[in-house]
Each structure stands twice: as C-alpha cells, then as structure tokens.
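Residue-level listing of the chains:
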Amino acid sequence: MRIDFTGRVAVVTGAGSGIGAATARLLSASGADVVAVDIDAAAARRTAEGLPGRAIAVPADVSREEDVDRYLDAAVAAFGAVHLHHLNAGIAGPATPLPDVDVADFDRVLAVNLRGPFLGLRGAFRCYRRQRTGGAVVLTASIASLRGSHDLLPYQISKHGLLGAVRGGAMYGGPIGVRVNAVAPGLVPTGLASDDLVRRGRTVPQRRTGTPEEVAGAVAYLLSDQAGYVNGEVLSVDGGAAAVSSVRASGGAGAWDPEVLDSAQR
C-alpha cells in the first residue's frame, strides 16, 4: 500500500545528502511539503530544488537553539504548520582511540548528535502545542545505539543518548497524539562512511551494505498513519547485523581476528 502524505508538512534535518536527502525525496514523492534543513546551504538548496513537490531549503546548525527556531518558523511561514519531523542530522567525529579523545571533538559530536535532536524534538512539541495537533517524529539513531565498539566513542555515546529522547518523547507525546520513534541504520554508505564500509558489509547476514533509500522507507513508514500504534520503538535497518552473535564462529559481523584488533590498541 502506497503511503500518502498529501496535506502534511515535513521537516528533514541533514537533508543535504545521504539518508536525509533520500527521506526528503520519498516524502515529497508521497505528497508532503518538505522543509530541507542542512548546515550546508547549497546542499539543502539542491535537495529542495530537486524534489517533485513543494519544498523550501533552510540552512541551519541544528545544535544552535536559534537556528532550530528559525527553521521551524520558516516551515510555518511557508506552509502553515509542521506535522512530521525527521531529526536526522549527525556527524561521526574522529575515530580516535579512547585515551586520546579530545574534549572539543567530544563536545562537537554531542552538540550535533544529541543536543540537536533534543532541540528539534522540543521544537516539534512546541509546534504541536501551538497548532493543537498531533504528529510524528523520527530520530536517526544507529546500530551504535544498540551495541558497543572500541572506536568512535563520542558517536556511540551520542547515539545511545538518543534512545532516551525517543522513549521520553514517546511517553510525553502518546497521550496528546504525538508518536516518537527512531531508525537505527547499520552499514549504510553516506557522507559519514569510511572507506572499508563495503568490505565490512559483506559480513552482515544480508552480505551487503544498505542504501539511504532503504532507511528512508523505514522512516516514511514510522511517520505514516500505517504505524499509528508504533511509539517509542527503535527500528533497525541493518541487514540483520544487530542479530549477530560475535561469540560464535559463525558470527558474521563479529568475525574479526582478535589478535589484530588488540595489537592495534596497544
């Protein structure tokens, strides 16, 4: 069944590329008016101009309170309301060994990946209160929200923190008709991808990396009325990677050589 967002207005952050751009395209093709938000003004404009439906581009740093207020004000000024929010913007940060993580790098990752979604979630609820409407919010979490790893610790901390935002938002929003969920992408090549991502993708159960469009499909479902009784959930879009046991020899994504891994940390 085709999802129909006709008459809905959707804000997508991090819409200049990757998962955000794919979500903006799918929502627009499904009838939504789209507000494409990105810190890269030119990228946001390219996305908005390439959409089949009505759209505007708003350059914004999602970690800044005034920028979040500005993109929401622009959305309401252009389309009258906001019904759907995909809070997707994020950065990976450096792959620095834990003892060498710089506090400034940590703070920047947390600002974009955790403060930004918090501000976006708060802004969404303020919109719904002013509009006296319900709505739906989807945050982009990660496979790193669900599992540990020895690198990208600031990123992992930020993505674990998003689960608190999802569950708290769902608890607050449920009684007033606002659903809050998340997608947890696995190995999906985007602007955040490392060079060996495709090689690593061959170890997940589906033996490949995912695509931004596949994640966008999950986002659209969670934003749609077809997911009307789905609230506070995290939907993995990872080719089955989160189901893998790294203890067993058939562990797939966990089939690393521990001697090689441990020697790199010494």
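Residues numbered from 1 in each chain as written. Predicted model: local features only at pLDDT ≥ 70, side-chain atom pairs only at ≥ 80, totals over all residues. Heavy atoms only, no water.

As annotated in an unreviewed UniProt entry, the chain is SDR family oxidoreductase from Pseudonocardia zijingensis.

Help me out: how do you make sense of the packing of helix H1 (residues 18-29) against helix H7 (residues 212-223) in this one?
In a packed pair of helices, the relevant descriptors are the angle between the two axes and the axis-to-axis distance. With their axes 8 Å apart at the nearest point, H1 and H7 run at an angle of 55° to one another. Considering their axes alone, H1 and H7 lie oblique with respect to each other. By crossing handedness, the relation of H1 to H7 is classed as right-handed. Contact with H1, carried on its side by Gly-18, Ile-19, Ala-22, Thr-23, Arg-25, Leu-26 and Leu-27, involves Pro-212, Glu-213, Val-215, Ala-216, Gly-217, Val-219, Ala-220 and Leu-223 of H7 and no other residues of that element. Looking at side-chain class alone, the contact of H1 with H7 contains ten nonpolar, three polar and two charged residues. (Axes fitted to C-alpha atoms, helices over the stretch in contact; angles between N-to-C directions. Helix = DSSP H or I, 4+ residues; strand = E, 2+ residues; numbered from the N terminus. Parallel < 35°, antiparallel > 145°, perpendicular 65-115°, else oblique. Left-handed = near helix turned anticlockwise from the far one by under 90°. Contact = heavy atoms within 4.5 Å. Nonpolar A, V, L, I, M, F, W, Y, C, P; charged D, E, K, R; others polar.)

Explain H1 to me, please; I cannot follow it from the model alone.
Count 3.6 residues to each turn of an α-helix, and residues three or four apart come out pointing the same way. Across its twelve residues, H1 extends 17 Å between first and last C-alpha, which sits within 8% of the 16 Å expected from 1.5 Å per residue. Every buried residue of H1 is listed here: Ile-19, Gly-20, Ala-21, Ala-22, Thr-23, Ala-24, Leu-27 and Ser-28. Buried residues in H1 make contact with strand S1 (9-13), strand S2 (33-38), helix H2 (41-49), strand S4 (84-87), strand S6 (178-185) and H7. Two residues or fewer past H1, Gly-31 is found with a positive phi of approximately 105°. (Expected span 1.5 Å × (residues − 1). Buried < 20%, exposed > 50% of the residue type's maximum accessible area, 1.4 Å probe, protein only.)

Even after reading the chapter, I still don't get the pairing of strand S5 (residues 135-140), so can you show me in this structure?
In regular strands, side chains alternate between the two faces of the sheet. Summarising burial for S5: six of the six residues are buried, a large majority. Going residue by residue along S5, you find Gly-135, Val-137 and Leu-139 tucked away on one face and Ala-136, Val-138 and Thr-140 tucked away on the opposite face as well. Between the parallel pair S4 and S5, the chain is carried across by helix H4 (residues 103-131), and the sense of this crossover is right-handed. Read from S5 through helix H5 (residues 153-173) to S6, the crossover connection turns out right-handed. (Right-handed = clockwise from strand over helix to strand, strands pointing away.)

Help me understand the pairing of S6 in this model?
The element S6 is largely enclosed, with a buried count of eight among its eight residues. Burial along S6 is two-sided: Val-178, Val-180, Ala-182 and Ala-184 facing one way and Arg-179, Asn-181, Val-183 and Pro-185 facing the other are all buried. Here S5 runs beside S6; their pairing, made up of six bridges, is parallel. Considered in S6, the bridge of Leu-139 is made with Ala-182. Note: S6 against strand S7 (residues 234-237), four bridges, orientation parallel. Looking at the pairing, Val-183 lines up with Leu-235 of S7. (Pairing = 2+ DSSP bridges.)

Whenever I open this one, the packing of aromatic side chains confuses me. Can you help?
Remark: the centre distance and the inter-plane angle together describe each pair of aromatic rings, the angle taken between the planes. Applying the stated criterion to the full structure yields two aromatic pairs. When the centroid spacing of 6.3 Å and the interplanar angle of 85° are considered together, the rings of Phe-125 and Tyr-128 count as edge-to-face. Taken together, the residues span about one helical turn, with Phe-125 and Tyr-128 both in helix H4 at a distance of three residues. By the burial criterion, Phe-125 is buried, and Tyr-128 matches it. Taking the centre distance of 5.5 Å and the plane angle of 80° together, the rings of Phe-125 and Tyr-172 count as edge-to-face. Taken together, the positions of Phe-125 in helix H4 and Tyr-172 in helix H5 put the pair 47 residues apart, joining distant regions of the chain. For Phe-125, a relative accessible area of 13% gives the class buried. One aromatic cluster is present, formed by Phe-125, Tyr-128 and Tyr-172 through successive ring pairs. (Phe/Tyr/Trp six-rings, centres within 6.5 Å; stacked < 30°, edge-to-face > 60°.)

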